[in-house]
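Understanding the architecture of this molecule
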Amino acid sequence: MSVLRAVVLALILGGGGALLPAAAQPSQSATVKGRVLDAETDAPLPDTHVFIAQTMNGTVTDSTGRFQLDGVRPGAKRLVVSRVGFVNEAKNFRLPPGRQHVFTIRLESEVLKSPPVTVSAERDEEWYERLDRFKRLFIGSSGHARKCTLVNPEVLRFEKKWWGKFKARAEKPLIIENRALGYRLTYVLKEFEESGPVVRWDGEPLFEPLTPNDSAQAAQWQINRREAYYGSIRHFLRALLDDRLEEEQFDLYRLPRASAFRYTSRADRMPTSRDRLLEPGPDSMHLLNTWDRLEVVYRGEPESEAYLDWADLHRAPRDIQVSQIELNEHPIHIDPYGKIIEPYGATLYRYFAFTLRMSNLLPREYEPPE
């Protein structure tokens, strides 16, 4: 019998909150600009990464420490500022349509807690084993994961406790090239931990589109992005918000007393609906609340062989994908784009846990073609 693996949602607040629909007109976009300074000396900090979390909108500061981001969609945002040797800063703010927001950000110097980064050739066999483990847990085990490259693994530091807890931290932003979806990710990792069957992480990603080699690769990227989106936790939550579960091929159940069973397949399954789970929240958000574990069945795609290997299931793939969600906080906030606001607000099991990895991560701007 396989272990029920889980991943705790560490979805960032950045870009969450009230957002306008994807069809928002260019005239509604806004500007974010400002300056990044050394907190001790007030000296400008050039070449500092500044970006809106989980989007493709980012830049680096100029020689005077100034930056400007144009075309930012209105709503609640998180501005991430990252520079080697300084403590990363994140600012939550709300951006009105057609306006601009000006920041002066002062970064504190970071006290190094470990020796300088060494080259890969100086790593021992144990470090490479831990690197493989980290990539499998963080980037994933799907077919898309095989086309992802962690460009700078040397910035990672690992810690493993005798009782099995596995932790990782990064001294610089991680750079991941995803040749399956056509993005280059700059990921500011704040926390990563595996404890037993549960994996949790928190961080801030910036997306940059890669240039395809030809039209065939560009078309394949579009296909792969659709595949990553459909059946995902984001797809499900948007269908729930729009009251389109049936049209989007989702079935939804609650599992009362699921925690009383070692194997949740033995728990009662009761159909449930949007009206039982959601209520309007502040700033165009919705509040999701239930004390039961939820089971989500997606009828749009079959299981993959990679999922069966990951879950250690020795059987033929089924025609449906089964996932489960358990809330860690009550209620949790869902923004109009299908994002959970609270870091670690929910735990995902089964297919959602398998697919919620960096290899399937899409920018907030992504919308599947009609």
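One structure accompanies this document, and this report is about it. The model shown is predicted, which means the values in this text are computed figures rather than measured ones.

Along the chain, the regular secondary structure elements total 6 helices and 22 strands. Going through the 370 residues of the chain one by one, you find that 50% of them count as buried. A sequence separation of at least 24 residues applies to 66% of the contacts in the chain between residues at least 6 apart. Here the chain has roughly 17900 Å² of accessible surface; of this, 48% comes from carbon and sulfur atoms.

A few words now on a negative patch on the surface. A surface patch of negative charge is lined by Asp124, Glu125, Glu129 and Asp132. With respect to the element layout, Glu125 can be found in helix α1 (residues 125–138). Among the residues examined, Glu125 registers a relative accessible area of 62% and is labelled exposed.

Within the largest apolar cluster, 32 residues are counted, with the highest numbers of intra-cluster contacts made by Phe134, Phe138, Leu174 and Phe192. Looking at this core, the elements that each hand over two or more residues are α1, β9 (148–150), β10 (156–160), β11 (166–170), β12 (174–178), β13 (183–195), β14 (198–209) and α2 (215–229). Once residues within four sequence positions are removed from consideration, Phe138 is found in contact with Leu174, Ile176, Tyr187, Leu189, Phe192, Trp201, Arg357 and Met358.

What follows deals with the packing of aromatic side chains. The final tally for this structure, using the stated rule, is 23 aromatic pairs. Ring geometry for Phe158 and Phe166: centres 5.8 Å apart, planes at 20 degrees, overall stacked. An identical accessibility class is assigned to Phe158 and Phe166; each is buried. Here the aromatic rings of Trp310 and Phe354 are separated by 5.5 Å at their centres, their planes lie at 50 degrees, and the arrangement is tilted. In this pair, Trp310 sits in helix α5 (residues 305–311) while Phe354 sits in helix α6 (residues 351–355), placing the two residues 44 residues apart along the sequence. Residue Trp310 shares its accessibility class with Phe354, and that shared class is buried. Members of the aromatic cluster, joined through ring pairs, are Trp127, Tyr128, Phe134, Phe138, Phe158, Phe166, Tyr187, Phe192 and Trp201. Above the ring of Tyr344, the side-chain terminus of Arg200 is found at 3.7 Å from the ring centroid.

Buried residues dominate helix α3 (residues 233–241), accounting for 9 of its 9 residues. For α3, the set of buried residues is Ile233, Arg234, His235, Phe236, Leu237, Arg238, Ala239, Leu240 and Leu241.

Another point: the side chain of Glu204. Mapping Glu204 onto the fold places it in strand β14. Looking at Glu204, its side chain comes within polar contact range of the side chain of Arg78, at 2.7 Å.

Sheet architecture is open: 3 strands sit in the order β17-β18-β21, paired in antiparallel fashion. Of all strands in the sheet, those bounded by a partner on one side alone are β17 (278–280) and β21 (332–334). On average, each strand axis in the sheet is tilted by 35 degrees relative to the strand beside it, whichever way the strands run. Note that β17 and strand β18 (residues 286–288) share 3 bridges and pair antiparallel. By the bridge assignment for β18, Pro280 is matched with His286.

Here we take up the pairing of β11. Only one face of β11 is buried, namely the one carrying Phe166, Ala168 and Ala170, since none of Lys167 and Arg169 on the opposite face is buried. The pairing of β10 with β11 spans 5 bridges and is antiparallel. For Lys160, the partnering residue across the bridge sits in β11 and is Phe166. Looking at chain direction, β11 and β13 are connected through 3 bridges and run antiparallel. Each bridged residue has a counterpart across the sheet, and for Lys167 the counterpart in β13 is Glu193.

Now for the sheet that holds strand β8 (residues 100–107). Strand order across the open sheet formed by 3 strands is β5-β2-β8, with mixed pairing between neighbours. Each end of this open sheet is capped by a strand with a single partner; those strands are β5 (66–72) and β8. For this sheet, the mean angle separating the axes of adjacent strands, direction not counted, is 20 degrees. By the bridge criterion, 5 bridges tie strand β2 (residues 30–38) to β5 in an arrangement that is antiparallel. In the strand pairing of β5, Lys33 is matched with Gln68.

Cut-offs and rules
Residues numbered from 1 in each chain as written. Predicted model: local features only at pLDDT ≥ 70, side-chain atom pairs only at ≥ 80, totals over all residues. Heavy atoms only, no water. Helix = DSSP H or I, 4+ residues; strand = E, 2+ residues; numbered from the N terminus. Buried < 20%, exposed > 50% of the residue type's maximum accessible area, 1.4 Å probe, protein only. Contact = heavy atoms within 4.5 Å. Areas by Shrake-Rupley, 256 points an atom, 1.4 Å probe, with all protein chains shown as cover. Patch = residues over 30% accessible without salt bridge, like charges linked within 9 Å, V, L, I, M, F, W, Y side chains within 5 Å. Salt bridge = Lys/Arg side-chain N within 4 Å of Asp/Glu carboxyl O. Lys, Arg positive; Asp, Glu negative; His and termini not counted. Charge placed at Lys NZ, Arg CZ, Asp CG, Glu CD. Core = buried A, V, L, I, M, F, W, Y, C linked by side-chain atoms within 4.5 Å. Phe/Tyr/Trp six-rings, centres within 6.5 Å; stacked < 30°, edge-to-face > 60°. Lys NZ or Arg CZ within 6 Å of the ring centre and 35° of its normal. Polar contact = N/O pair within 3.5 Å; in protein donor to acceptor, adjacent residues only side chain to side chain. Pairing = 2+ DSSP bridges. Axes fitted to C-alpha atoms, helices over the stretch in contact; angles between N-to-C directions.

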